[in-house]
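Coordinates in review
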Amino acid sequence: AQSVTQLDSQVPVFEEAPVELRCNYSSSVSVYLFWYVQYPNQGLQLLLKYLSGSTLVESINGFEAEFNKSQTSFHLRKPSVHISDTAEYFCAVGSMDSSYKLIFGSGTRLLVRP
Amino acid sequence: SQTIHQWPATLVQPVGSPLSLECTVEGTSNPNLYWYRQAAGRGLQLLFYSVGIGQISSEVPQNLSASRPQDRQFILSSKKLLLSDSGFYLCAWTIEVTEAFFGQGTRLTVV
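Summary of the structure given here. (Residues numbered from 1 in each chain as written. Chains lettered and ligands numbered in written order. Predicted model: local features only at pLDDT ≥ 70, side-chain atom pairs only at ≥ 80, totals over all residues. Heavy atoms only, no water.)

A count of helical and extended segments in chain B gives 0 helices and 11 strands. Helices and strands in chain B line up, N terminus first, as β-β-β-β-β-β-β-β-β-β-β. Relative to a compact globule of 111 residues, whose C-alpha radius of gyration would be 13 Å, chain B shows 13 Å and is just as compact. Expressed as lengths along the three principal axes of its C-alpha atoms, the size of chain B is roughly 40 × 25 × 20 Å. Expressed as a percentage of its 111 residues, the buried residues of chain B come to 49%. Long-range pairs, those at least 24 residues apart, make up 55% of the contacts in chain B between residues at least 6 apart in sequence. (Helix = DSSP H or I, 4+ residues; strand = E, 2+ residues; numbered from the N terminus. Rg over C-alpha atoms; globule rule 2.2 N^0.38 Å. Buried < 20%, exposed > 50% of the residue type's maximum accessible area, 1.4 Å probe, protein only. Contact = heavy atoms within 4.5 Å.)

See the structure below:
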């Protein structure tokens, strides 16, 4: 069985402050890990993903996430947020086995204030 | 390039009426296909997924069913809609689940 937990439903921060969005998962099989972002009134976009190799992955807009196997976590961080980062962020895990099951967390709404 | 089509964009249906939402993928073969429902505070709930024609895995027992009659076609259905079926439905596809691509979604309102 798989599960994804995003404990924070909403994270308010001031512009230029650092932020961390938490994601923990459980799975009986090896998984790929993802962060997707949904801007207001838009569809889901891939932000970054961990498939293999370096446990630290980065996006083009300054976000990064680190895969921690021992803690089964994949937290998303940004050292300095912008107003335009206001969106909902979803953590997801995909099964590497032949089921190719892909499940998402409940989402974290990042609200960046001026 | 690959594209995914999902329709209709919005739908208003009376309670007890049937439902059929269709999703098709172009530009790839043998994709894994998924149906999700997005509700506020609950994220994306996986409803059904399929790794091949006629192969459907159900995640949540409910008033819905799914079918995959062709390699790149995934259909979400209901015989009789309930008020609780209202929501935003998303179709997605992957190849070996290394990245998911989503349709634009269908906003279903059951009245």
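Okay, back to it.
What follows is about the pattern of salt bridges. As a working rule, side chains carrying opposite charge can pair if their charged atoms are close by. For the coordinates displayed, the defined rule picks out 7 salt bridges over all chains. The shortest N-O distance in the salt bridge between Arg77 of chain A and Glu20 of chain A comes to 2.8 Å. Here Glu20 of chain A lies in strand S3 (residues 19–21) and Arg77 of chain A lies in strand S9 (residues 73–78), a separation of 57 residues in the sequence. For Arg77 of chain A, a relative accessible area of 29% gives the class partly exposed. Glu20 of chain A sits in the partly exposed class, given a relative accessible area of 34%. As a salt-bridge pair, Asp71 of chain B and Arg68 of chain B come within 3.3 Å of each other at their nearest N and O atoms. Taking relative accessible area as the criterion, Asp71 of chain B reaches 22% and is therefore assigned partly exposed. The class of Arg68 of chain B is buried, set by a relative accessible area of 2%. (Salt bridge = Lys/Arg side-chain N within 4 Å of Asp/Glu carboxyl O.)

Bringing the sheet that holds strand S8 (residues 73–78) of chain B into the picture now. Residues and elements named next belong to chain B. One open sheet holds the 4 strands; their spatial order is S1-S3-S8-S7, and the pairing between them is antiparallel. The open sheet has two edge strands with one neighbour each: strand S1 (3–7) and strand S7 (65–70). Between one strand axis and the next, the sheet turns by 20° as a mean value, whatever way the strands run. With 4 bridges joining them, S7 and S8 adopt antiparallel strand pairing. Bridging from a neighbouring strand, Gln70 pairs with Gln73 of S8. (Pairing = 2+ DSSP bridges. Axes fitted to C-alpha atoms, helices over the stretch in contact; angles between N-to-C directions.)

All names here are of chain B. Per the stated rule, a full pass over the model turns up 2 disulfides over all chains. The disulfide that involves Cys23 links it to Cys91, with 1.9 Å between the sulfurs. Residues Cys23 and Cys91 are joined through a disulfide that is left-handed, its torsion about the S-S bond being -75°. With Cys23 in strand S3 (residues 19–26) and Cys91 in strand S9 (residues 87–94), this pair connects stretches of sequence that are 68 residues apart. (Disulfide = S-S within 2.5 Å.)

The next subject is the packing of aromatic side chains. Both the distance between ring centres and the angle between the ring planes are used here to describe each pair of aromatic rings. Under the counting rule described, the total for this entry stands at 12 aromatic pairs over all chains. Both rings, one in Tyr36 of chain A and one in Phe102 of chain B, keep their centres 5.8 Å apart while their planes meet at 80°; by these two values the pair is edge-to-face. Within this pair, whereas Tyr36 of chain A is found in strand S5 (residues 31–38), its partner Phe102 of chain B is found in strand S10 (residues 100–102), the two belonging to separate chains. Of the two residues, Tyr36 of chain A and Phe102 of chain B, both sit in the buried class. Centroid distance Trp93 of chain B to Phe101 of chain B: 4.8 Å. Interplanar angle 25°. Geometry classified as stacked. Here Trp93 of chain B falls in the buried class, since its relative accessible area comes to 4%. Of the residues examined, Phe101 of chain B reaches a relative accessible area of 35% and is grouped as partly exposed. Among the aromatic residues, those joined into a ring-pair cluster are Phe34, Tyr36 and Phe104 of chain A together with Tyr34, Tyr36, Tyr49 and Phe102 of chain B. (Phe/Tyr/Trp six-rings, centres within 6.5 Å; stacked < 30°, edge-to-face > 60°.)

Taken by themselves, the reported measurements are silent on function.
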